[in-house]
Amino acid sequence: MDKSALISKLSLKNGFMLAAVSVVLSLTLHFIDPVLVYTSFLAQVGIFVLFIALLVVVGINIRKEIGGFWTFGEAFKAFLIISLILALTATLYNVVLMKFIDPDLPAKAAAAIEDAQRAMMEKFGMASEQIDEAMAKAGNMQEKLEPTFKNIFTSFGVSLALYGVLSLILSAILKKKEPVRFDSFPKEA
């Protein structure tokens, strides 16, 4: 199997594995507290750091399995395949979660987000009128969370863009050129 095909195969395998981890983690957090992911900055950062660590580990493992060296382009291809799988899985998971598993989640999450925003603004000493004005400018949070075609498409696009940037960064960090050895130069005839 050539190197490009092997990278694709390993990326698909690891992408689906990370997607399964993502779904299990999301469902676990949902059953612990359905609005935790929407209201806790610490939970969001923790999940983000965990997935960056998992992507690094997966990237290093793929690089080892293809011989220990890969170019920026090969690394980017691998991370882009994984990113596409993760973005698709996250989007489909959110649709299934909000349409079938917990149809009341958009309303519960919107109320929790608005309460958290209001509490934060009060903590900063904003007047009640200012808070109401800021909340009105933010718009209806429930409409933003409902799994409509526009929201699904936007969510997928944002996820793919964020994963794309992360793929570029990780590819630049994890690329590794094969060292040039003196015995590998062509011999003179």
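Just so it is clear, the structure is predicted and the values come from calculations on it, not from any experiment.

Basis of the calculations
- Residues numbered from 1 in each chain as written.
- Predicted model: local features only at pLDDT ≥ 70, side-chain atom pairs only at ≥ 80, totals over all residues.
- Heavy atoms only, no water.
- Axes fitted to C-alpha atoms, helices over the stretch in contact; angles between N-to-C directions.
- Helix = DSSP H or I, 4+ residues; strand = E, 2+ residues; numbered from the N terminus.
- Parallel < 35°, antiparallel > 145°, perpendicular 65-115°, else oblique.
- Left-handed = near helix turned anticlockwise from the far one by under 90°.
- Contact = heavy atoms within 4.5 Å.
- Nonpolar A, V, L, I, M, F, W, Y, C, P; charged D, E, K, R; others polar.
- Patch = residues over 30% accessible without salt bridge, like charges linked within 9 Å, V, L, I, M, F, W, Y side chains within 5 Å.
- Areas by Shrake-Rupley, 256 points an atom, 1.4 Å probe, with all protein chains shown as cover.
- Salt bridge = Lys/Arg side-chain N within 4 Å of Asp/Glu carboxyl O.
- Buried < 20%, exposed > 50% of the residue type's maximum accessible area, 1.4 Å probe, protein only.
- Phe/Tyr/Trp six-rings, centres within 6.5 Å; stacked < 30°, edge-to-face > 60°.

1. As for the packing of helix α3 (residues 41-65) against helix α4 (residues 72-101)
Part 1: Between α3 and α4, the shortest axis-to-axis distance is 11 Å and the interhelical angle comes to 140°. Considered as vectors, α3 and α4 are oriented oblique to each other. Considering only the axes of α3 and α4, their crossing is right-handed. Residues L55, V58, G59 and I62 of α3 lie in contact with α4, whose contacting residues are F79, I82 and L86.
Part 2: Along the lines of polarity and charge, the residues of the contact of α3 with α4 split into 6 nonpolar, 1 polar and no charged.

2. Description of a nonpolar patch on the surface
Part 1: A contiguous nonpolar patch, built from F31, V96, F100 and I101 and spanning about 450 Å² of accessible area, is present on the exposed surface.
Part 2: Following the sequence through the fold, V96 ends up in helix α4.
Part 3: On the basis of relative accessibility, which here comes to 38%, the residue V96 falls in the partly exposed class.

3. Focus: the environment of S8
Part 1: Structurally, S8 can be placed in helix α1 (residues 3-32).
Part 2: Residue class for S8 comes out buried when judged on its relative accessible area of 19%.
Part 3: Taking C-alpha positions, S8 is 43 Å from A111, a pair spaced 103 residues apart along the chain.
Part 4: Leaving out residues up to four positions away in the same chain, S8 has contacts with K77 and I81.

4. Points about the packing of aromatic side chains
Part 1: Inspection of every chain in the model, using the stated rule, returns 3 aromatic pairs.
Part 2: When the ring of W70 is compared with that of F79, the centres are 6.2 Å apart and the planes differ by 55°; the resulting orientation is tilted. In terms of burial, W70 and F79 fall into one category: buried.
Part 3: When the ring of F72 is compared with that of F76, the centres are 6.2 Å apart and the planes differ by 5°; the resulting orientation is stacked. On the criterion of helical spacing, the pair formed by F72 and F76 is a turn pair, its members being 4 residues apart in helix α4.
Part 4: For F76, a relative accessible area of 23% puts it in the partly exposed group.

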